[in-house]
Amino acid sequence: MEQTSSRTRTTFLPFSPPSISEEEIAAVVDTLRSDWITTGPKTHQFEQDFGAYIGSQSSLALNSCTGGLHIALAALGIGPGDEVITTPTTFICSANVIEHVGATPVLADVEADTLTIDPARVEAAITPRTKAIMPVHFAGHPAEMDALLALARKHKLAIIEDAAHSLPSSYRGRRIGTIGDYTAFSFYATKNMTTAEGGMLTGTPERIDQARLWSLHGMSRDAWKRYGAEGSWYYEVVLPGFKYNMTDIQAALGLVQLGRLEGFQARRRQIVAQYNAAFANCDALQLPAERPYVEHAWHLYVLRLNLDMLTINRAQFIDALKARNIGTSVHFIPVHLHPYYRDRYGWTPDQFPVAYEQYQRSLSLPLHPRLSDEEQADVIAAVLETVEAHRR
Ligand SMILES: *Cc1c(COP(=O)(O)O)cnc(C)c1O
């Protein structure tokens, strides 16, 4: 790709806008006119189509990935006195849901290249109280599932995968969403496909039936069927469930987005190849890792700065890009640095040194299907010129 030097944008380039076409808009309007706006036939169809795409045995559409992780823990009977091992390099909901069920989050540091949970550190963190491992397929790169599955078998632990970034991805030929006990996907506005807010939980039919109870008040039959012609007023509550169901408005969006996902992914891969080519020869930058046996979902392009070669830090680097109208983000402020967790568990920054060090040198560049080659050239020029302007 051609790079023009010192090109400065006149308008702000947002980090990750959604890709919504007239087709999604028509589908939502059609649902609004249909008399069935919350969980119903479109949600059911979305579960079927998503399951067929991933190859999962069973799927449950929800109002978020967070809700999916929460009910996975609840359905597995995890609660007070139990420990769940997760990664410091994640969005905070991974830890919050463990607190929600009254269990204790235990952190295991990440691998320096992929920033996914390190199986060796997971093994070191296992105690008699450990009930589950919750890996995050960070940025769309699958965690080391073979090693995690071996630990789960050996210690009789469940695996709940946070797949918010990894639609679609695979590990040694197996699709993420078909491996662990439960896998939770996100359709939040910035994710690889969106329903504005939304999520999907996959697993075996037995596991998903149990999760379905937890997702809708613990009612022993699909509540939405109560209002259809074949329905009956009678239901029983068999556990104190939550209210995490997806609406048909969201599912209408999701059905169209799912059909466009392969096209989205092709464009994401193209953008990643162009970033990699542009940054490969810059010694102040470290490119994202991609192990040869994974299919990467490329939700994020996380660039790492070799700070010893620069006179500015990551925050100043982001400010320099912002001054050139380039929106970026940071994934993530590690769990153990947030005041609630820091104070509750007495965690210090250096307790998870890899997560802490990589956090300090990371920034995420714009990566979404609507990003044009022109816009990407602006990002590349801004990054390379910021490096040259602040070389040590
Ligand atoms: C976005 C995200 C979530 C939460 O997804 P929601 O659908 O907003 O609940 C969970 N984990 C990670 C790693 C995320 O990036």
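What you see is a predicted model; the values in this text were computed from it and never measured.

### Concerning the confidence of the model for the protein chain
So, step 1. Averaged over all residues, the pLDDT of the protein chain equals 96, while 96% of them reach at least 70.
So, step 2. When mean pLDDT is compared element by element in the protein chain, strand 4 (residues 130-134) scores highest at 99, while helix 7 (residues 205-215) scores lowest at 97.

### Describing empty space enclosed by the protein
So, step 1. One pass over the structure, following the stated rule, counts 4 cavities of 30 Å³ or more.
So, step 2. One number sums up the size of the largest cavity: a volume of about 100 Å³.
So, step 3. Lining the largest cavity are 13 residues, and of these Thr114, Phe138, Ala139, Pro288 and Ala289 lie nearest its centre.
So, step 4. For the lining of the largest cavity, a count of residues per class yields 8 nonpolar, 3 polar and 2 charged.
So, step 5. When residues of the lining of the largest cavity are assigned to domains, at least three fall in each of domain 1 (22-257) and domain 2 (261-389).
So, step 6. Roughly 80 Å³ of volume is contained in the second largest cavity.
So, step 7. The wall of the second largest cavity is formed by 15 residues, among which Pro17, Pro18, Ser19, Lys191 and Asn192 lie closest to the centre.
So, step 8. Looking at the lining of the second largest cavity residue by residue, the classes come out as 6 nonpolar, 7 polar and 2 charged.

### Points about the site of the ligand
So, step 1. Around the ligand, the structure places 15 residues, and the nearest of them are Thr66, Asp162, His165, Ser186 and Lys191.
So, step 2. A distance of 2.9 Å separates an oxygen atom of the ligand from a polar backbone atom of Cys65.
So, step 3. When the ligand is considered free in solution it has 380 Å² of accessible area, and contact with the protein chains removes 92% of it.

### Side note on the domain arrangement of the protein chain
So, step 1. By domain assignment, the protein chain separates into domain 1 (22-257) and domain 2 (261-389).
So, step 2. Look at where the C-alpha atoms of domain 1 and domain 2 centre, and you get two points 26 Å apart.
So, step 3. At the interface, 42 residues of domain 1 touch 35 residues of domain 2.
So, step 4. Summed over both sides, the interface of domain 1 with domain 2 buries roughly 3,400 Å², with 58% coming from carbon and sulfur.
So, step 5. When residues of domain 1 are sorted by the area they lose upon contact with domain 2, Leu107, His141 and Asn192 head the list and together hold 17% of the total.

### Observations concerning the pairing of strand 8 (residues 182-186)
So, step 1. Among the 5 residues in strand 8, 5 count as buried, and that is most of the element.
So, step 2. Side chains of strand 8 alternate between two faces, with Tyr182, Ala184 and Ser186 and Thr183 and Phe185 buried alike.
So, step 3. Taken together, the 4 bridges between strand 8 and strand 9 (residues 199-203) define a ladder with antiparallel strand orientation. Across the sheet, residue Phe185 finds its bridge partner in strand 9, namely Met200.

### Here's the deal with the sheet that holds strand 3 (residues 104-107)
So, step 1. Overall, mixed pairing links the 7 strands, which are arranged 1-9-8-5-4-2-3 in an open sheet. Strands at the two margins of the open sheet, each flanked by one partner only, are strand 1 (58-62) and strand 3. On average, each strand axis in the sheet is inclined to that of its neighbour by 25 degrees, with strand direction left out of account.
So, step 2. Across 2 bridges, the pairing between strand 4 and strand 5 (residues 158-162) is parallel. Across the sheet, Ile133 pairs through a bridge with Ile159, a residue of strand 5.
So, step 3. Packing against the sheet, helix 7 makes contact with strand 1, strand 8 and strand 9, and its axis sits at approximately 20 degrees to strand 1.

### Details of the sheet that holds strand 7 (residues 174-175)
So, step 1. Pairing is antiparallel in the open sheet, where 3 strands are placed in the order 7-6-11. At either end of the open sheet lies a strand with only one pairing partner, and these are strand 7 and strand 11 (294-295).
So, step 2. Relative to strand 11, strand 6 (residues 170-171) is paired through 2 bridges, and the arrangement is antiparallel. Opposite Ser170, over in strand 11, you have Glu295 as the bridge partner.

Cut-offs used in this document
- Residues numbered from 1 in each chain as written.
- Predicted model: local features only at pLDDT ≥ 70, side-chain atom pairs only at ≥ 80, totals over all residues.
- Heavy atoms only, no water.
- pLDDT = per-residue confidence, 0-100.
- Helix = DSSP H or I, 4+ residues; strand = E, 2+ residues; numbered from the N terminus.
- 1 Å grid on protein atoms, 1.4 Å probe; cavity = no way out; pocket = protein on both sides within 12 Å on 5 of 7 lines; lining within 4 Å.
- Points joined across faces, edges and corners; volume = space filled by probe spheres on them.
- Nonpolar A, V, L, I, M, F, W, Y, C, P; charged D, E, K, R; others polar.
- Domains from an automatic or database assignment.
- Near = heavy atom within 4 Å.
- Polar contact = N/O pair within 3.5 Å; in protein donor to acceptor, adjacent residues only side chain to side chain.
- Areas by Shrake-Rupley, 256 points an atom, 1.4 Å probe, with all protein chains shown as cover.
- Contact = heavy atoms within 4.5 Å.
- Buried area = accessible area lost by both parts, 1.4 Å probe.
- Buried < 20%, exposed > 50% of the residue type's maximum accessible area, 1.4 Å probe, protein only.
- Pairing = 2+ DSSP bridges.
- Axes fitted to C-alpha atoms, helices over the stretch in contact; angles between N-to-C directions.

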